[in-house]
Amino acid sequence: MPRIKKKGQAGAARNYVTRNQAIRKLQISLPDFRQLCIWKGIYPREPRSKKKVSKSSTASTTFYYAKDIQYLLHEPLLQKFRDRKVLEKKISKALGRGDVGDAKRLEGNASRPDKTGKPRYTLDHVVRERYPTFVDALRDLDDCLSMLFLFANLPSTSSVPAEMIARCERLCLEFQHYLIVSKSVTKSFLSIKGIYYQANIQGEHVLWLVPYKFNQRIVGDIDFRIMGTFVEFYMTLLGFVNFRLYTSVGLKYPPKFDAVKDENAAELGAFTLEGKTLVGTEEPKKLEDATHEVDPSTQAAVNEVLKTFQNGTEEAAAAAAAAAAKDAEGDGAADDEVQANAGTIDKFEPVAPGGDVLFQPDSSPNDHAKLFSNCTFYLSRETPRQPLEFLLKAFGCKRVGWDPVLGDGAFTTNELDPNITHQIVDRPPVQAVAEEDGEGEGEGEGEEDNQTSQKLAANRRVPGRIYVQPQWVWDCVNDVELKEPHLYAPGAPLPPHLSPFVRSVQGAYDPTVPLEEQEPAEEALEADEDADETVEGMDVVEDDEDNEEGDDEDEDGEEGADKMDAEVEDDESADEDALRQQELEAELTGAPIKGNSTNGKAKAKDQARKALSKKAREEAEDVERAKGMLSKKKRKLYEQMMYTNNKKSAEGQKLRAKRRKLEKEKAKGKS
């Protein structure tokens, strides 16, 4: 007789364990278990049938893989947790005895990063286990950067120590320095949550969010212990990544850090990079130094061309060059042909109208590295200095100055510096108030107020300098071209700031395309009818207002009212006589009564509406006939696809209606 199987010893129940079972097996507390699972990347699992997996009558809610818990048994951090638990017991016993000195001594030996920011354990082996290759670490860098940039902007509290915030800020600034040196930033977007950045690091696209530099308010319903656990791991991970990235470009890690400059809010300027030249710049030098073998026939042809340039005219040189090209044989002729075609690149164009448009090849893919290289920027004190400085330097600008109020590390703090080509301002032009005689003389000679250190008065502009709003920088970065500055002038209505991470889909609403080019014919016809109705309504309202004004004016004298009534009665009687005459003529001749015919515009709209409705009916009939030929499975799939398309088209129609309304309001405001 076979042995009877007991419940929970085979099948799915053997593959899962509850959280309480895992804690008893590891012999640690619940907070330590959560911390260990976050670091090791072990998360709860949802079984298919909780009833089969549960080994007790009570329904368990949290399950883990049994193999994951078995894997945690060999973790060296378990011993660290147990040692910390023993030390905490000793501290509590010392406090129970009243021995405060002994308790204070033991407290100094405790490993509490949530209090001191300095753990006595390392997570280096955990990082190596979770990310066997460097590419794996780069792919998981999104959440890491978003969390560290968030904590770098938080105020220090009892749950978030100042040491942890300082280390997060330092790691983030080191990572930004690498992005500036390697020119890896590709896109950026200003959103309500913060500023999104995207960088291409060794072929991997990394996207992270940086909050705005506002005073953050710590809310009590947030569990910073769990967030702090993630931050501990992410700090170790970013330290590894920064070291690998710095060494890959020939820089020394960590860079030199000046604490004095950091206290004066220098931020990026507090670091000094040291090391060899970039790896990317060494290879071209090696290629230039290498020796090349030249074909004798090609060299002779080139010498003849040089002689003709020295002795004859340009026409003779061109003829000699053509003759030399014919005489050249073998590889020399092929090399000349390749060099002649080197300036042109292939373009991918759709074969049929409405086809997919492929990404066009770019002859200079690294143009974003030199976007602002010929510019010198000055940041006014009302502008966000940190993101502007980072973006400008990441796209080739090495000369960024700002007001002394914003901190140290500026290229120049003199607003009247003649080398400045662009100034970024974020306030509308204010009408200057005429100063009285004698006022303003001698100001700024002896003492200078930091809050009023701007040299120029209101509405004063330096001749030859371009003044733009901060959005100009982001739009230039996303489109990799310098935008027209007059569209971003101080006080001017800014163009829409669109997300560069959203791809335009065919048939969907595109805010960059004019409204007339993307709205369907039916929607355009309805919009015209609505516009006509609004115009007629406005005419009726104006007529009513005119009648009301006439009534108010006629209250002053009864004679004017009598005259107006007599004129209106005469007009009405004349219209009635004309209509009656038409009826009599129609009765005598037997022809229909000739009424007021509609104008040509109304007829054209009516005909267009009928044509569109007829076309829609024909298309619907064709679709129904085609659906009848499909199988049941394919018909359902087609209906789901059409439902999704109709939903998207309805969203696009709403957006176009909003845009049409805004354009009408703008037109009314201008008129």
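Rules behind the numbers
Residues numbered from 1 in each chain as written. Predicted model: local features only at pLDDT ≥ 70, side-chain atom pairs only at ≥ 80, totals over all residues. Heavy atoms only, no water. Helix = DSSP H or I, 4+ residues; strand = E, 2+ residues; numbered from the N terminus. Buried < 20%, exposed > 50% of the residue type's maximum accessible area, 1.4 Å probe, protein only. Contact = heavy atoms within 4.5 Å. Core = buried A, V, L, I, M, F, W, Y, C linked by side-chain atoms within 4.5 Å. Salt bridge = Lys/Arg side-chain N within 4 Å of Asp/Glu carboxyl O. Axes fitted to C-alpha atoms, helices over the stretch in contact; angles between N-to-C directions. Parallel < 35°, antiparallel > 145°, perpendicular 65-115°, else oblique. Left-handed = near helix turned anticlockwise from the far one by under 90°. Nonpolar A, V, L, I, M, F, W, Y, C, P; charged D, E, K, R; others polar. pLDDT = per-residue confidence, 0-100. Disulfide = S-S within 2.5 Å. Pairing = 2+ DSSP bridges.

1. Topic: the overall build of the chain
Next, step 1: Counting secondary structure elements, the chain contains 25 helices and 11 strands.
Next, step 2: Per-residue burial over the chain gives 29% buried out of 671 residues.
Next, step 3: Taking the contacts inside the chain whose residues are at least 6 apart along the sequence as the reference set, 65% of them involve residues at least 24 apart.

2. Section: unusual backbone geometry
Glycine aside, residues mostly have negative phi, and peptide bonds are mostly found in the trans state.
Next, step 1: Residues tyrosine 253 and proline 254 are joined by a peptide bond in cis, for which omega reads 0°.
Next, step 2: Relative to the helices and strands, proline 254 resides in the loop between helix H13 (224-248) and strand S6 (256-257).
Next, step 3: At alanine 265, a residue that is not glycine, the phi angle is positive and equals roughly 65°.
Next, step 4: Considering the arrangement of structural elements, one finds alanine 265 in the loop between helix H14 (259-263) and strand S7 (271-272).
Next, step 5: The exposure class of alanine 265 is partly exposed, given its relative accessible area of 33%.

3. Points about the nonpolar core
If you look at soluble globular proteins, the nonpolar side chains tend to sit buried side by side.
Next, step 1: Phe151, Trp208, Phe372 and Val473 are the most contacted members of the largest nonpolar core, which has 94 residues in total.
Next, step 2: If near-sequence neighbours (up to four positions away) are discounted, valine 473 is found in contact with Phe372, Leu388, Leu391, Leu392 and Ile424.
Next, step 3: Counting residues in hydrophobic clusters, the runner-up holds 5 residues, among them Ile91, Ala94, Ala103 and Leu106.

4. Quick word on the pattern of salt bridges
Next, step 1: Inspection of the entire model under this criterion finds 21 salt bridges.
Next, step 2: Salt-bridge contacts for glutamate 75 lead to lysine 40; the nearest nitrogen and oxygen are separated by 2.6 Å. Of this pair, glutamate 75 sits in the loop between helix H5 (66-72) and helix H6 (77-97) while lysine 40 sits in helix H3 (residues 30-40), and the two are 35 residues apart along the sequence. Neither glutamate 75 nor lysine 40 differs from the other in exposure class; each is buried.
Next, step 3: A salt bridge links arginine 139 to glutamate 204, with the shortest nitrogen-to-oxygen separation between them at 3.5 Å. On the criterion of sequence distance, the pair formed by arginine 139 in helix H10 (residues 134-139) and glutamate 204 in strand S5 (residues 204-210) is long-range, its members being 65 residues apart.
Next, step 4: In the salt-bridge network here, residues are joined through shared partners; they are Lys40, Glu75 and Glu129.

5. So, the packing of helix H11 (residues 141-152) against H13
Next, step 1: At a minimum axis distance of 9 Å, the contact between H11 and H13 shows a crossing angle of 115°. As the angle between them shows, H11 and H13 are arranged roughly perpendicular. Along this stretch, H11 crosses H13, giving a crossing that reads as left-handed. Across the interface between the two elements, Leu141, Asp143, Cys144, Leu145, Met147, Leu148, Leu150 and Phe151 of H11 pack against Phe224, Met227, Gly228, Phe230, Val231, Tyr234, Met235, Leu237, Leu238 and Val241 of H13.
Next, step 2: When its residues are assigned to classes, the contact of H11 with H13 shows 16 nonpolar, 1 polar and 1 charged.

6. As for H3
Next, step 1: Of all 11 residues in H3, 8 are buried; the element is thus mostly enclosed.
Next, step 2: Regarding H3, the residues found buried are Asp32, Phe33, Gln35, Leu36, Cys37, Ile38, Trp39 and Lys40.
Next, step 3: At the exit of H3 stands glycine 41, carrying a positive phi of roughly 75°.

7. A short note on the confidence of the model for the chain
Next, step 1: Overall, the prediction assigns the chain a mean pLDDT of 76, with 66% of residues at 70 or greater.
Next, step 2: Contacts from residues 328-343, a stretch scored under 50 in pLDDT, to residues over four places away or in other chains number 5 contacts.

8. Notes on the state of the cysteines
Next, step 1: Scanning the model with the defined rule gives 0 disulfides in all.
Next, step 2: The thiol of cysteine 397 is not disulfide-bonded; the next cysteine sulfur, from cysteine 375, is found 6.7 Å away.
Next, step 3: The buried category is assigned to cysteine 397, whose relative accessible area is 2%.

9. Some details on the sheet that holds strand S4 (residues 195-201)
Next, step 1: Spatial strand order, S3-S4-S5: 3 strands in an open sheet with antiparallel pairing. Unpaired on one side and paired on the other, strand S3 (185-190) and S5 mark the two borders of the sheet. When the angles between neighbouring strand axes are averaged without regard to direction, this sheet yields 15°.
Next, step 2: Relative to S5, S4 is paired through 7 bridges, and the arrangement is antiparallel. What sits directly across from isoleucine 201, in S5, is glutamate 204.

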